[in-house]
Amino acid sequence: MPTDSEPVLVIPERVLLADVPPLCAHLEALYAAGASEVICDVGALLRADLAAVETVARLALTARRAGGGITLRNTGPGLRALLHLTGLAGLVEPSG
């Protein structure tokens, strides 16, 4: 369960596949600085699309490779539905 002391990675309004490597690099830097769990705030995302799902999947993989984990916060219903379809729903914070 996430706590308020965990670092937060804010996902921008629009995510393109070209945005994924820099986001993953930022996540890796958070783990290198000592984080064990990172909150990914996806509340700003305007569209739930495959680029958003790819971003979440790659961030989850990056976290796992770093020995940590991510939790999604402020997940809208569209993205939540896509994550459920792709088997990534377990990353979503229970409150959304």
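Our subject is the structure listed above.
Rules of the game
- Residues numbered from 1 in each chain as written.
- Predicted model: local features only at pLDDT ≥ 70, side-chain atom pairs only at ≥ 80, totals over all residues.
- Heavy atoms only, no water.
- Helix = DSSP H or I, 4+ residues; strand = E, 2+ residues; numbered from the N terminus.
- Rg over C-alpha atoms; globule rule 2.2 N^0.38 Å.
- Buried < 20%, exposed > 50% of the residue type's maximum accessible area, 1.4 Å probe, protein only.
- Contact = heavy atoms within 4.5 Å.
- Areas by Shrake-Rupley, 256 points an atom, 1.4 Å probe, with all protein chains shown as cover.
- Lys, Arg positive; Asp, Glu negative; His and termini not counted.
- Charge placed at Lys NZ, Arg CZ, Asp CG, Glu CD.
- Core = buried A, V, L, I, M, F, W, Y, C linked by side-chain atoms within 4.5 Å.
- Salt bridge = Lys/Arg side-chain N within 4 Å of Asp/Glu carboxyl O.
- Pairing = 2+ DSSP bridges.
- Expected span 1.5 Å × (residues − 1).
- Arc of directions from axis to C-beta.

1. Things to note about the overall build of the protein chain
Part 1: Of regular secondary structure, the protein chain possesses three helices and three strands.
Part 2: Ordered by position in the sequence, the α and β elements of the protein chain form the string β-α-β-α-β-α.
Part 3: Relative to the 2.2 N^0.38 estimate, which gives 12 Å for 96 residues, the radius of gyration of the protein chain is 12 Å and therefore close to what a compact globule would have.
Part 4: Out of the 96 residues belonging to the protein chain, those deemed buried represent 41%.
Part 5: The contacts in the protein chain between residues at least 6 apart in sequence include a share of 72% that link residues at least 24 apart.
Part 6: Roughly 5,400 Å² of accessible area belongs to the protein chain as shown, and the carbon and sulfur atoms make up 57% of that amount.
Part 7: Positive and negative side-chain charges of the protein chain, numbering 7 and 10 respectively, have mean locations separated by a distance of 6 Å.

2. Topic: the nonpolar core
Part 1: Ranked by internal contacts, the top residues of the largest apolar core, which has 27 residues, are Leu-9, Ile-11, Leu-27, Val-38, Leu-59, Ile-70 and Leu-72.
Part 2: Within the residue set of this core, elements represented by two or more residues are helix H1 (20-32), strand S2 (37-41), helix H2 (50-65), strand S3 (69-73) and helix H3 (77-85).
Part 3: Look past the residues within four positions of Leu-27 in its chain and what remains in contact with it is Leu-9, Val-38, Leu-59, Thr-62, Ala-63 and Ile-70.

3. Observations regarding the pattern of salt bridges
Proximity of charged atoms lets side chains of opposite charge pair with each other.
Part 1: In the structure shown here, the tally under the stated rule is three salt bridges.
Part 2: Between Asp-49 and Arg-47 there is a salt bridge, with the nearest N and O atoms lying 3.4 Å from each other.

4. Side note on the environment of Ala-35
Part 1: Position of Ala-35 relative to the elements: it lies in the loop between H1 and S2.
Part 2: Distance in space between the C-alpha atoms of Ala-35 and Asp-49 is 28 Å, their sequence separation being 14 residues.
Part 3: Filtering out sequence-adjacent residues up to four positions away, Ala-35 remains in contact with Pro-7 and Leu-30.

5. Comments concerning the pairing of S3
Part 1: Most of S3 sits inside the fold, with four of its five residues counted as buried.
Part 2: Relative to S3, S2 runs parallel, the two sharing five bridges. The partner of Cys-40 across the bridge, within S3, is Leu-72.

6. Comments concerning H1
Owing to its 3.6 residues per turn, the α-helix brings residues three or four apart onto one side.
Part 1: Taking 1.5 Å per residue as the helical rise, H1 with its 13 residues ought to reach 18 Å, and the 18 Å between its terminal C-alpha atoms agrees with that figure.
Part 2: Val-20, Leu-23, Cys-24, Leu-27, Leu-30 and Tyr-31 are the residues of H1 that are buried. On an axial view of H1, the arc spanned by its buried residues comes to 110 degrees, and they lie on one face. In H1, those exposed residues whose orientation departs by more than 90 degrees from the buried face are Pro-22 and Ala-32.
Part 3: Here the buried face of H1 lies against strand S1 (8-10), S2, H2 and S3.
Part 4: Remark: Gly-34 follows H1 within two positions and exhibits a positive phi of approximately 115 degrees.

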